[in-house]
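Each chain, letter by letter, is given below.
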Amino acid sequence: MPGALLDVAANEPSDDLGGGGVLLGAQPLEECLFSGINQDRESGSAVFEAQEGSRGVCRWVASYYNSMRIQVAPSVMPDFQSSLSVCLALIALWGLIGLAGLLRPASLRFAGRTLFPLGALCGVALAAVAAVSLALPPEESVLPVGLPELPMHLRRDALTSLFLFLLGVASAGISVFAAGYFRRGRGTSAGLMCLQYHLFLASMGLVLLANDAYTFMVAWETMALSSYFLVTTEHGIAEIRRAGFLYLLIAHVGAIGILLSFGVMQGGSWQFTFEAMRHAHLAPHWAAAAFLLALFGFGAKAGLVPLHVWLPEAHPAAPSPVSALMSGVMLKTAIYGVLRVSFDLLGQPQWWWGLVALAAGLFSALYGVVFAAVQTDMKRLLAWSSIENIGIIFTGIGLAMVFNGVGMHSLAALALIAALYHSLNHALMKSLLFLGTGAVLHSTGERNLGRLGGLIHRMPWVAWLTLVGALAMSGLPPLNGFVSEWLLLQSFLFAQEVPRSFVSMLLPLGAALVALAAALAAYVMVKFFGVIFLGQPREPGLARAHDAGMLERLGLAWLAGGCLVLGLLPTQVIGSLRIVVQQLSGATLPNVAAPWWLLVPLPGGRASYSAPVFLIALAGVVVLTVFVVHRLYHRRVRRAAPWDCGFGGLNARMQDTAEGFGQPIRHIFGALMAVKRELPSPFDPQPRYRVTVGDRLWQSLYVPLGGLVQRVADAFAWLQQGRIATYLLYSFVTLIVLLALML
Amino acid sequence: MRPIEIVTQALELIAALAVAPLFLGWINQCRAWLQNRRAPSLWLPYRGLRKLFHKDAVVAETASPIFRLAPYIVFGAMVVAAAIIPSMGTRLPFTVAADAIALVGLLATARVFLSLAAMDIGTAFGTLGARREMMLGFLAEPALLMVIFVASLISATTALPAITENLATQALGLYPSLAFTGVAFTLVLLAENARIPIDNPATHLELTMIHEAMVLEYSARHLALMEWAAALKLFNYACIGFALFVPWGVSTGAGSPLSLAASIPLLAVKLTVAGAALALIETLSAKVRVFRAPEFLATAFLFAVLGLLVHLLLGG
């Protein structure tokens, strides 16, 4: 039995091993004993490692003590293929589905009715396998593919399982939606899009499974390239090409950072496997350099300010399922990267790294949500909202690093659990919202908030399901957004106990900023939902809007159901997250005995929350009120025109616009924005009002940087003389120099 | 769960529901005394509710189900909030399921649904009110959260009854941080409950309305529930203030029927004094322009953060 204690004499052969349950279909114990390494006779202990078995990796460790009791801790699943192989097979299946799209590239029906639902089923299967394998010990594998010195190493541990689960669940809903979404448009054909989409999914899965730098970077690059092609689906439009280029540029700038970070982390051994990086002991300043490079690189992909400029451009440019996938899942692979590097590969993170991550996260959160509140394009609004949520996740990670660095391990676990929970939540919530905008875009052809309105009457399914997403994003109990916010605030509550005085004073202020960001998120969501779905239609063409199809509704409902489940069963989710955090950082939350419906993260009666009881109480009161009022009084309703103060002639244009709804934020936070206003004067024959809100960081950071790069490139332009004789001279000189160096 | 706890919980709920309109009536009475005029009867809010319940509901043609559902949700949120706040006793079984942060979340739920309902009809006034309410909310909610945070830091828990118990059983030691947060809380109370200087509850000018603009379209039972919810909100805020800053008199510890019975007249006294103080503040202030309301709330937020810093620096 795994984990059983056996009594075995020192040199006895292995006939009797307690019913054979130990062997697990791999080598017998004697072979393992005699292939033992690292025998340490003095201390009376020895560690034995089996070699690779025929059924995947058989790697288990038996400790041999003086008393001759052997405790066997196997790390292989008993009867069937290891979960790593299953995950890899599902990812390969995604690749195959993508390639199958090339068989009939022009057929929408084939891609839409067959391939995308198949991809969704793969996603569900992947999520199921990942959920089951979360509690299992880590598994490793080496594939005979890759460079001669560096084959592909793969590893599936609890962190990977969690993010694979996230990938599977989110992509299932999005794929189902996409099956019903894609219509004939200009740009990429359906089959090609199927290839790019499933390659995107497969590469994200491979990033999560990678156990060496080569596999990681290949998968990362594939992810960036496939998503670039997806973003530029409608490449006929110049604006979309420009957005795609910016996205690719910043993705590669980030990739350089990650590469350099891996380069620092190998620490002189020139072995690029993650295992070697784990064992490399870096000097503190080198470890700090590796962390900062990784934060830069992964932050560029995640959208940390100031590397966020590609997000508000790329997400609106991409088709909505792709935006959902990018915002919901791809940003989380960057979070995975940061966690893997800082907690796993670099060992113990230093406490001041946490402060850097915390500061970057808080600034991103506030910057993102302030800009989200003033947007007039519904997808840009959601993109900026993603920046805010990534900032909150980084805040949680930073807080965990600080607590870890000063030795408060159970609180580090709480903060890390809050960050992971928020990653899960955001994946589902943001995907749901983006898919809702996709349905609206298809139905109305409008992305501009100023031309939408009143769609709840025409598209009830989309509206009500998007409402679930909007309420979840606002952090309202009992949905899932509230749980992660609650956990984060709880972990901030204990920041005053940090031994370093200056830090312990600054950290609770972080709670104030998180609360501010959360309140603004509610503002943004009321604006988003209210302007699009409520009120009166601002354009006459909206009367032709139709509700989403069956597959689209299914995708939306899947994600909304996920939000509900994550909100109502936090204890169970945290039970799984604890395993992840334990494996990742060694810290764990203390066990608190509580019923299944009650969430008590820390002992001592400090805080508790029960989502099911809360929901039952609220729903119960509402239903009771409805019942009592209808019983005691009546339920008569008369319909009439809206109140117009006796003016008459109120039309739909007199509702608040998106600019109007964002005006208070623009008024208060105007210093952060580059606002350009065009006001009408009384003497204009055709008065017009225009306000554009720009990102000040673009003007002050990127434009000068771009100018500098241009100037440097121009300075080198004198090399390009245009005459072939000069170029031949260059080759000749280079050859002479190289020969001189070699000889 | 002991019977005394269930009785405490039920009593608090019934008291909140029954007394909230009376509290409003008392505040109007005090305002009238201060302004040298005759006030309407103390029981006028009750008569108003009864009148409204009997009427036929007139709903705009452009309304969606959210419009008709929102009053019930807002009212339900306020009732559940009343179940969390320890106004009479600190042994409340429901507070195991919801702590102070969940309370702020409940208030946010009410605000969000109110704003959504206001935007639902699609007139200029509703959307204007929604925008203004969310603007006040995004500054008031963090300020309230910071006030509760400071109290949580002092008591090492976020469960509101535990905070009250902790603060009530201390000797009359003053916490300077609570002084700052008390000011912040008063400012937040004025803003969130649509009192002067943020919003005039008795205004008829639509362009100056914030809360009233959101309920402009409601009539009959929906309006009755909204009005009752607004009264409950003020009552709840007052009780939060008592729980955090004037916790003495609340039945603490294991709770005996005698201490519970003694807490009721004490609560009545606290409410009387609070109502008079509120009326005094309202009479002495003028309504600020809507553009200045964020400054007002930013002051509240900064006071709360100052209270936090004072607590961290001075440990008290």
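See above for the structure.
Residues numbered from 1 in each chain as written. Chains lettered and ligands numbered in written order. Predicted model: local features only at pLDDT ≥ 70, side-chain atom pairs only at ≥ 80, totals over all residues. Heavy atoms only, no water.

Chemist: Help me out: how do you make sense of the overall build of chain B in this one?
Modeler: The helix and strand tally for chain B stands at 11 helices and one strand. Counting from the amino terminus, chain B carries its helices and strands in the arrangement α-α-β-α-α-α-α-α-α-α-α-α. The C-alpha radius of gyration computed for chain B amounts to 19 Å, which stays within 12% of the reference 20 Å derived for 316 residues, consistent with globular compactness. Taking the principal axes of its C-alpha atoms as reference, chain B extends roughly 55 × 45 × 40 Å. Burial statistics for chain B: of 316 residues in total, 63% are counted as buried. Taking contacts inside chain B between residues at least 6 apart in sequence as the whole, the part at least 24 apart equals 82%. Summed over all atoms, the accessible surface of chain B reaches about 10900 Å², with 70% contributed by carbon and sulfur. One way to put it: in chain B the 20 positive side-chain charges average out to a point 7 Å from where the 17 negative ones average out. (Helix = DSSP H or I, 4+ residues; strand = E, 2+ residues; numbered from the N terminus. Rg over C-alpha atoms; globule rule 2.2 N^0.38 Å. Buried < 20%, exposed > 50% of the residue type's maximum accessible area, 1.4 Å probe, protein only. Contact = heavy atoms within 4.5 Å. Areas by Shrake-Rupley, 256 points an atom, 1.4 Å probe, with all protein chains shown as cover. Lys, Arg positive; Asp, Glu negative; His and termini not counted. Charge placed at Lys NZ, Arg CZ, Asp CG, Glu CD.)

Chemist: Just to check I follow, could you spell out the interface of chain A and chain B for this structure?
Modeler: Interface size is commonly expressed as the accessible area that is lost once the parts come together. Contact residues are listed per partner, giving 73 residues for chain A and 79 residues for chain B. Between chain A and chain B, the buried area comes to about 6800 Å², and carbon and sulfur atoms account for 73% of it. Area buried by chain A at its contact with chain B is led by Leu493(A), Tyr633(A) and Arg639(A), which between them contribute 8% of it. Where chain A meets chain B, there are two salt bridges. Inspection of the chain A/chain B interface yields 25 residue pairs in polar contact (both at pLDDT 80 or more). Listed by contribution, the elements that provide at least two residues to the side of chain A that touches chain B are helix 15 (455–458), helix 16 (460–473), helix 17 (480–493), helix 18 (501–533), helix 21 (611–632), strand 8 (637–640) and helix 22 (658–668) of chain A. Top element by residues in the side of chain A that touches chain B is helix 18 of chain A. It accounts for 16 residues. Its residues placed into classes, the side of chain A that touches chain B shows 50 nonpolar, 17 polar and six charged. Across four bridges, strand 8 of chain A lies against strand 1 (residues 57–60) of chain B in parallel orientation. Across the sheet, residue Val637(A) finds its bridge partner in strand 1 of chain B, namely Ala57(B). (Buried area = accessible area lost by both parts, 1.4 Å probe. Salt bridge = Lys/Arg side-chain N within 4 Å of Asp/Glu carboxyl O. Polar contact = N/O pair within 3.5 Å; in protein donor to acceptor, adjacent residues only side chain to side chain. Nonpolar A, V, L, I, M, F, W, Y, C, P; charged D, E, K, R; others polar. Pairing = 2+ DSSP bridges.)

Chemist: Would you mind showing me how to read the side chain of Thr395(A) here?
Modeler: Residue and element names in this part refer to chain A. Topologically, Thr-395 is positioned in helix 13 (residues 378–405). Of the residues examined, Thr-395 reaches a relative accessible area of 0% and is grouped as buried. Of note is the side chain of Thr-395, whose polar atom sits 2.7 Å from the backbone oxygen of Gly-391. Excluding anything up to four places from it in sequence, Thr-395 contacts Leu-358, Gly-361, Leu-362, Phe-492 and Val-514.

Chemist: What's the story with the pattern of salt bridges in this structure? I'm lost.
Modeler: Working definition: two side chains of opposite charge can pair if their charged atoms are close together. Residues and elements named next belong to chain A. Under the counting rule described, the total for this entry stands at 24 salt bridges over all chains. Here Asp-344 and Arg-278 are joined by a salt bridge, their closest N and O atoms 2.9 Å apart. Of the two residues, Asp-344 sits in helix 11 (residues 320–345) while Arg-278 sits in helix 8 (residues 274–279), which places them 66 residues apart along the sequence. As far as burial versus exposure is concerned, Asp-344 and Arg-278 are alike and both buried. Ionic pairing is found between Arg-447 and Asp-377, a salt bridge with its closest N-O pair at 2.7 Å.

Chemist: Would you take a moment to explain the packing of aromatic side chains for this structure?
Modeler: Each pair of aromatic rings is reported with the distance of its centres and the angle of its planes. If you walk through the whole model with that rule in mind, you get 35 aromatic pairs over all chains. Aromatic side chains Trp26(B) and Trp33(B) sit 5.8 Å apart centroid to centroid with 85° between the ring planes, which places their arrangement in the edge-to-face category. Aromatic ring contacts, followed pair by pair, group Phe216(A), Trp220(A), Phe262(A), Phe274(A) and Phe298(A) into a single cluster. The side chain of Lys301(A) reaches across the aromatic face of Trp220(A), ending 5.6 Å from its centre. (Phe/Tyr/Trp six-rings, centres within 6.5 Å; stacked < 30°, edge-to-face > 60°. Lys NZ or Arg CZ within 6 Å of the ring centre and 35° of its normal.)

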